[in-house]
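Close look at the chain arrangement
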Amino acid sequence: MDFHALMMTEAYDFLRTNERLGDRIMLLGLGGSYSYGTNREGSDIDFRGVTLQLPSDLIGMTEFEQYEDDKTDTVIYGFNKLVRLLLECNPNTCEMLGLDEDQYLIKSRLGQELIDQTPIFLSKRVIKSFGGYADMQLRRLQNALARDTLSQEEREKHIYKSVMHALEDFNLKHAGADKDGIRLYIDASDHPELESEIFVDANYQHYPLRDYTDLWGTMRAVVRDYDKIGKRNKKKDDNHLNKHAMHLVRLFLMAIDLLEKGEIRTHRKDDLPLLLSIRRGDFMLEDGTYSKAFYEMLEEYERKLDEAAKKTKLPDQPDMERVAKFVERINRYVITGEL
């Protein structure tokens, strides 16, 4: 597909007309399956990029984090937000710096500088960030399989564990969260279609309403996901499961590369036979579960990741002194027009 020609169509006019984009764009490249090389017929086309801040963002009253165009699945980060995400080794943004040359649609001189500075952002935070994303993919896989293969009582226990995990994540993100304010437990149910179900005892006082709604929204999302079981489209859902399984392995592979070689390699051309076989469903059994070989492979990649984490030469923290100088250089250019 000619992505440069696609970018010039009317649907992408915002790239040229929006005051925050145009010649302010530092980088614009492929995202999603086309960036990994795992795309198939009908795969979504995603563009990801970064743009310079406006002077008013730096010394005035405006603020800007990112521009999103839902119709074209395009996301373009403001430079300062991108830097914050790179410092956390956020996988979605790290991927932007590891594309093949022909996968970039726009690359300015400053965009090339950003790519060249990749090492200053990398640290052992990769272990937590990529590992966290891999864990999220694994939980999605486990949750979906549990909906299909467990009894109602066993499924309720699985939902309970997932909700508790979500609750723990919520408490970690909200340092002031009252961990004793909510109690979840499983008990016999009076519902005619349920043998047992999860119950809640809540005791909050003087608790921020916004945090409260976030808490219930988090738990509701988990339960709602399970309640979709009656609407399951096996072929469609199996495709989604295999996609999750593929991305789980891809995240392991990218994390190992980062830890062992200190490089971001988004296009997984050497790994495509394996990744595409997972996406095709070669590791999925007839009952919708996954083969022993798949789980043995995950264990092996987990072992390799642990080993790479022990031996990596990446620093504990990013090189903040060099990051600060680079950010100042780019933002000074926004204000003065000089490098």
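Rules used in this analysis
Residues numbered from 1 in each chain as written. Predicted model: local features only at pLDDT ≥ 70, side-chain atom pairs only at ≥ 80, totals over all residues. Heavy atoms only, no water. Patch = residues over 30% accessible without salt bridge, like charges linked within 9 Å, V, L, I, M, F, W, Y side chains within 5 Å. Areas by Shrake-Rupley, 256 points an atom, 1.4 Å probe, with all protein chains shown as cover. Salt bridge = Lys/Arg side-chain N within 4 Å of Asp/Glu carboxyl O. Lys, Arg positive; Asp, Glu negative; His and termini not counted. Charge placed at Lys NZ, Arg CZ, Asp CG, Glu CD. Helix = DSSP H or I, 4+ residues; strand = E, 2+ residues; numbered from the N terminus. Buried < 20%, exposed > 50% of the residue type's maximum accessible area, 1.4 Å probe, protein only. Polar contact = N/O pair within 3.5 Å; in protein donor to acceptor, adjacent residues only side chain to side chain. Contact = heavy atoms within 4.5 Å. Core = buried A, V, L, I, M, F, W, Y, C linked by side-chain atoms within 4.5 Å.

Quick look at a negative patch on the surface
A contiguous patch of negative charge, built from Asp 44, Glu 68, Asp 70 and Asp 73, is present on the exposed surface. Counting through the fold element by element, Asp 73 comes out in the loop between β3 (66-69) and β4 (74-78). The exposure class assigned to Asp 73 is partly exposed, which follows from its relative accessible area of 31%.

Quick look at the side chain of Ser 189
Along the polypeptide, Ser 189 turns up in the loop between β6 (182-188) and β7 (196-202). By relative accessible area, Ser 189 is classed as buried at 13%. Within polar-contact distance, the side chain of Ser 189 engages the side chain of Glu 197 at 2.7 Å. With sequence-adjacent residues up to four places away left out, Ser 189 is seen in contact with Leu 194, Glu 195, Ser 196 and Glu 197.

Digging into helix α13 (residues 272-280)
The α-helix advances 3.6 residues per turn, and as a result positions three or four apart in sequence lie on the same side. Leu 272, Leu 275, Ser 277, Ile 278 and Arg 279 are the residues of α13 that are buried. Once α13 ends, the next one or two residues include Gly 281, with phi positive near 100 degrees.

Thoughts on the nonpolar core
Counting 62 residues, the largest nonpolar core has Phe 79, Leu 114, Phe 121, Val 249, Tyr 290 and Phe 294 as the members making the most contacts within it. When sequence neighbours within four positions are dropped, the list of residues in contact with Val 249 reads Leu 274, Leu 275, Ile 278, Phe 294, Met 297, Leu 298 and Tyr 301. Of all hydrophobic cores here, the second largest spans 16 residues; its members include Met 7, Leu 21, Phe 47 and Leu 105.

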